[in-house]
Amino acid sequence: MGKSIFLEVFGESPTNKVLDFLVVFDQFDYSMADIAENADVGYSTLKELIPKLEKKKIIFKTRISGKSNMYKINKK
């Protein structure tokens, strides 16, 4: 599978990869491990990005599943 138009236009920064994944697969919520794996971003990098994206209200925590926080893109 090739790069999405979003990544071609805006670049493949870790933030853009995370946003691209969450926008394309917006029907479910995902753990940080799932986001890191599917967006091809390092887990430690994601740990720094998640609080920034939450603060800007781009993503939000939907629930806790076991020990994992689950996140989803904010469509509003």
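Residues numbered from 1 in each chain as written. Predicted model: local features only at pLDDT ≥ 70, side-chain atom pairs only at ≥ 80, totals over all residues. Heavy atoms only, no water.

Novice: How do you make sense of the overall build of the protein chain when you look at a structure like this?
Specialist: When helices and strands are counted, the protein chain shows four helices and three strands. Listing the helices and strands of the protein chain from first to last along the sequence gives α-α-β-α-α-β-β. The globule rule puts the C-alpha radius of gyration for 76 residues at 11 Å, and the 12 Å found for the protein chain is close to it. The C-alpha extent of the protein chain, read off along each of the three principal axes, is 35 × 25 × 25 Å. Considering the protein chain as a whole, with its 76 residues, one finds that 32% of them fall into the buried category. (Helix = DSSP H or I, 4+ residues; strand = E, 2+ residues; numbered from the N terminus. Rg over C-alpha atoms; globule rule 2.2 N^0.38 Å. Buried < 20%, exposed > 50% of the residue type's maximum accessible area, 1.4 Å probe, protein only.)

Novice: Sorry, what's going on with the environment of D20 here?
Specialist: For D20, the location among the structural elements is in helix α2 (residues 14–24). Residues D20 and S4, spaced 16 residues apart in sequence, show a C-alpha to C-alpha distance of 7.9 Å. D20 has contacts with S4, F6 and L7, leaving out every residue within four places of it along the chain. (Contact = heavy atoms within 4.5 Å.)

Novice: Is there a simple way to think about the pattern of salt bridges in this case?
Specialist: Oppositely charged side chains can pair when the atoms bearing their charge come close. Per the stated rule, a full pass over the model turns up three salt bridges. Note that D26 is salt-bridged to K75, the shortest N-O span being 2.8 Å. Of this pair, D26 sits in the loop between α2 and β1 (30–31) while K75 sits in the segment after β3 (68–73), placing them 49 residues apart in sequence. In this structure, R63 engages D29 in a salt bridge whose closest nitrogen and oxygen atoms are separated by 2.8 Å. With R63 in strand β2 (residues 59–65) and D29 in the loop between α2 and β1, this pair connects stretches of sequence that are 34 residues apart. Overall, the relative accessible area of 42% leaves R63 in the partly exposed class. The exposure class assigned to D29 is buried, which follows from its relative accessible area of 17%. (Salt bridge = Lys/Arg side-chain N within 4 Å of Asp/Glu carboxyl O.)

Don't take any of this as a statement about function, it's just geometry.
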